[in-house]
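Descriptive structure summary
What follows is each chain in one-letter form.
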Amino acid sequence: MRIAVAGGTGTVGRHVVAIARERGHQVVSISRAEGVDLVSGRGLEQALQNVETVIDVAGIQTLSTKKAVDFFTNATQNLLAAGKKAGVKHHVALSIVGIDNANSGLYAGKLVQEDEVRHGGVPWTLLRSTQFHEFVPMSIKATSVGPLVLVPTMFTQPVAAKEVAAALVDAAEAGPKGRIPDLGGPRPEQLKSLAAAYLAKTQQKKRIIPLHVPGPMGKAMRKGALIPGPGSAVGRQTFLEWLDANDAA
């Protein structure tokens, strides 16, 4: 089929594009770098011409609830409207495990996105996944201050971005199913332990400072509310295996 991947150059999107092409699908990658702006809608109608399925893995890096909500509201509404006009038959969206328990920041934006998809008039599938293995180096980079790195106290169950991408392509091929089982990594971990392993692997001599995140978000992180429940799908590659595979660059 002809598949459009919104956020096709991102952490998960690049894997979605590659896997879909490997399976013989025609793929259109959508990103600002490729001349399409989801928030303004620029170039979107042209990009979705003759597309049967949209896989939306577009995102924004922000701690601001307002910025996250504004981005996902505008981007999702534009994608769905252009999709309906183009005759898209299936809209697949990636969300995050546990967002009902932490309605702020990025998670608040994802809740809005899910609601837009459910009521957007295009048959849909929603997959919630845990944080990716790639989240660890990204968070270290974002919270490093000189020789120190601030690491939130957090239970997580990270999953390989490539496995999430494969699950999204599976969902596209299966047709609209509503919300499908959540996807997490093979085992729960403490974020501090993962950060320490990454710093050792990359030979960075930084001191980890535990960070107590306030509010509902911090509580959800500490209490394990952001890991999948019973009946969820489970990935195969552990964080340490991902590190050893040299995918952590």
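Data block above holds the structure.
Attention in this report is confined to the structure presented alongside it. (Residues numbered from 1 in each chain as written. Predicted model: local features only at pLDDT ≥ 70, side-chain atom pairs only at ≥ 80, totals over all residues. Heavy atoms only, no water.)

Some words on the layout of surface pockets
One way to see where empty space is left: roll a probe the size of a water molecule over the atoms. Estimates place the volume of the largest pocket at around 1,700 Å³. Lining the largest pocket are 49 residues, and of these I60, Q61, T62, L106 and M138 lie nearest its centre. Contributing elements (two or more residues each) for the lining of the largest pocket: helix 3 (65–86), strand 4 (90–96), helix 4 (105–118), helix 5 (135–143) and helix 8 (215–223). In terms of residue class, the lining of the largest pocket is built from 28 nonpolar, 17 polar and four charged. (1 Å grid on protein atoms, 1.4 Å probe; cavity = no way out; pocket = protein on both sides within 12 Å on 5 of 7 lines; lining within 4 Å. Points joined across faces, edges and corners; volume = space filled by probe spheres on them. Helix = DSSP H or I, 4+ residues; strand = E, 2+ residues; numbered from the N terminus. Nonpolar A, V, L, I, M, F, W, Y, C, P; charged D, E, K, R; others polar.)

Remarks on the sheet that holds strand 6 (residues 144–145)
Strand order in this open sheet of three strands is 6-7-12, and the pairing throughout is mixed. Of all the strands in the sheet, the pair left with one neighbour each is strand 6 and strand 12 (207–211). Pairing geometry for strand 7 (residues 148–152) and strand 12, over five bridges, is parallel. Each residue of the ladder has a partner; that of P152, found in strand 12, is L211. (Pairing = 2+ DSSP bridges.)

Some remarks on the pattern of salt bridges
Going through the model one piece at a time under the given rule, you end up with 11 salt bridges. Taking the shortest distance from any N to any O, the salt bridge between R128 and E114 comes out at 2.8 Å. Of the two residues, R128 is situated in strand 5 (residues 124–129) and E114 in helix 4; the sequence distance between them amounts to 14 residues. In this pair, the class of R128 matches that of E114, namely buried. The partner of R179 in a salt bridge is D182, with the nearest N and O atoms 2.9 Å apart. Of the residues examined, D182 reaches a relative accessible area of 11% and is grouped as buried. Each of D100, E114, R118 and R128 takes part in one network of salt bridges that share partners. (Salt bridge = Lys/Arg side-chain N within 4 Å of Asp/Glu carboxyl O. Buried < 20%, exposed > 50% of the residue type's maximum accessible area, 1.4 Å probe, protein only.)

A few points about the pairing of strand 7
Note: strand 6 against strand 7, two bridges, orientation antiparallel. Paired with V145 across the two strands is L148, which belongs to strand 7. Linkage of strand 6 to strand 7, two consecutive antiparallel strands, is achieved through a turn of two residues, within which G146 is found at a positive phi near 60 degrees.

A look at helix 1 (residues 13–22)
Taken residue by residue, helix 1 has G13, H15, V16, V17, I19 and A20 as its buried positions. Where helix 1 is buried, its residues meet strand 1 (2–6), strand 2 (26–30), strand 3 (53–56) and helix 6 (161–174). (Contact = heavy atoms within 4.5 Å.)

So, the nonpolar core
Judged by nonpolar contacts, the single largest core of 25 residues is most densely connected at V12, V16, I55, L94, V164 and L168. Looking at this core, the elements that each hand over two or more residues are strand 1, helix 1, strand 4 and helix 6. Ranked by residue count, the leading element in this core is helix 6, at eight residues. Setting aside its immediate chain neighbours within four residues, I55 contacts I3, A4, V5, A6, V16, V92, L168, V169 and A172. (Core = buried A, V, L, I, M, F, W, Y, C linked by side-chain atoms within 4.5 Å.)

Here we look at a nonpolar patch on the surface
Taken together, the side chains of V145, L148, L150 and L211 make up a nonpolar region of the molecular surface, amounting to roughly 290 Å² of accessible area. One can find L148 in strand 7. (Patch = residues over 30% accessible without salt bridge, like charges linked within 9 Å, V, L, I, M, F, W, Y side chains within 5 Å. Areas by Shrake-Rupley, 256 points an atom, 1.4 Å probe, with all protein chains shown as cover.)

Regarding the side chain of T125
Considering the arrangement of structural elements, one finds T125 in strand 5. Judged by its relative accessible area of 1%, T125 falls in the buried class. From its side chain, T125 meets the backbone nitrogen of K177 in a polar contact 3.0 Å long. Residues in contact with T125, not counting those within four places in the same chain, are H90, H91, V92, A93, A171, G175, P176, K177, G178 and I180. (Polar contact = N/O pair within 3.5 Å; in protein donor to acceptor, adjacent residues only side chain to side chain.)

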